[in-house]
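# Remarks on the overall topology
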Amino acid sequence: NTSSRAFVSIIIPAYNEPPALLMHTLEVLSRLTHEFFEVLVIDNNTKDPAVWRPVEAFTQTLGEKFRFFHVERLPGFKAGALNYVLQFVDPKSEYVAVIDADYAVRPRFLTMALSYFTNKDIALVQFPQQYRNCLKSNQPIADEYRHFFKIYMNMANHLDCVPSTGTVSVYAFPALRHIGGFREEALTEDADAGLRFYAAGYRGVYADRSIGYGFMPYDIEAYRKQKTRWAKGNAQSLKTLFSLYGKISFRSWIGFLTHL
């Protein structure tokens, strides 16, 4: 099984993240069962050294598989950070996984993800996002996320319109290079990359399996900011989608339209 020996570069973009939270994410990654991987943390524009220095020091205790990058005044938001660190991945890397700074994955995360890359046209394997901070006050937010992953994302497998949703996403590195990486002007660079994969003749697979837990917004204001960014990003992606009319299958096109 070649997937059991495939090399994976895990990228963790971070901006002003609580050090203890990010260090826990890294410590969990050190327990992955898949042997061939590296972890690259890209801290983008965090101004206070007291926030990022402890993470840098902790990363050094985890061994040579873990590397930390801190860059100031790096443009392009999350997409810019991802593109910046892609130039430092191991030359033998075949896959790139993106994990949010607050996401603790199960030890078999990579083993499970690689098992879905069964064809050369699969560029993306996307897992559902689940959360460990569900309280009575934010339960409706959890319900909305669950609806998206249980209903839409499973439907996306049938309509062949699987988008990337930004974390616990695993990309075939040659396909990611083929589309030129992440588009830095896109507010939702993940959904945009998913669309461009289909435009380039690739496709995505949604794996409806629990592989970890992150944190969702605690309050309505944080939720509002997140949804505002997503709405603007989806509007950008709609423009891309309309330019793809007739260039991807009508079934996929309608599926993406429904999602956006």
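Bear in mind that the values here come from a model prediction, so they are computed numbers and not experimental data.

## Quick look at the overall build of the protein chain
Scanning the protein chain from terminus to terminus reveals nine helices and nine strands. In terms of C-alpha radius of gyration, the protein chain reaches 18 Å, essentially the compact-globule figure of 18 Å for 260 residues. Principal axes of the C-alpha set define a box for the protein chain whose edges measure 50 × 45 × 35 Å. Burial status across the protein chain gives 53% buried among its 260 residues. A sequence separation of at least 24 residues applies to 80% of the contacts in the protein chain between residues at least 6 apart. Surface accessibility of the protein chain: about 12,300 Å² in total, with carbon and sulfur atoms responsible for 56%. Side chains of the protein chain give 29 positive and 25 negative charges; the mean places of these two sets differ by 4 Å.

## Observations regarding the environment of alanine 186
Take alanine 186: it is sitting in the loop between helix H6 (173-178) and helix H7 (189-199). The buried category is assigned to alanine 186, whose relative accessible area is 8%. Linking alanine 186 and asparagine 44, residues 142 residues apart in sequence, is a C-alpha distance of 17 Å. Aside from chain neighbours lying at most four places away, what touches alanine 186 is Asp192 and Gln236.

Scoring rules and cut-offs
Residue positions are given per chain, counted from 1 along the sequence in the order it is written. Per-residue local features are limited, in this predicted model, to residues with pLDDT of at least 70; the limit for side-chain atom pairs, both in listing and counting, is 80 or more; totals at the level of whole chains, interfaces and linings are taken over all residues. Side-chain metrics in this entry use all non-hydrogen atoms of the structure; hydrogen atoms and water are not considered. Per the convention used, a helix needs a DSSP run of H or I reaching at least four residues, while a strand needs a run of E reaching at least two, with both numbered from the N terminus. In this treatment the radius of gyration is a C-alpha quantity, and the globule benchmark scales as 2.2 Å times the residue count to the 0.38 power. Residue exposure (1.4 Å probe, protein chains only): buried if accessible area is under 20% of the type maximum, exposed if over 50%, otherwise partly exposed. Contacts: residue pairs with any heavy atoms within 4.5 Å of one another. For every accessible area listed, the method is Shrake-Rupley and the probe measures 1.4 Å; residues are considered covered only by the protein chains on display. The convention is simple: Lys and Arg are positive, Asp and Glu are negative, and His and the chain ends are not counted. Taken as the charge centre is NZ of Lys, CZ of Arg, CG of Asp or CD of Glu, depending on the residue.

Honestly, that's just the spatial picture; any functional story needs more than this.
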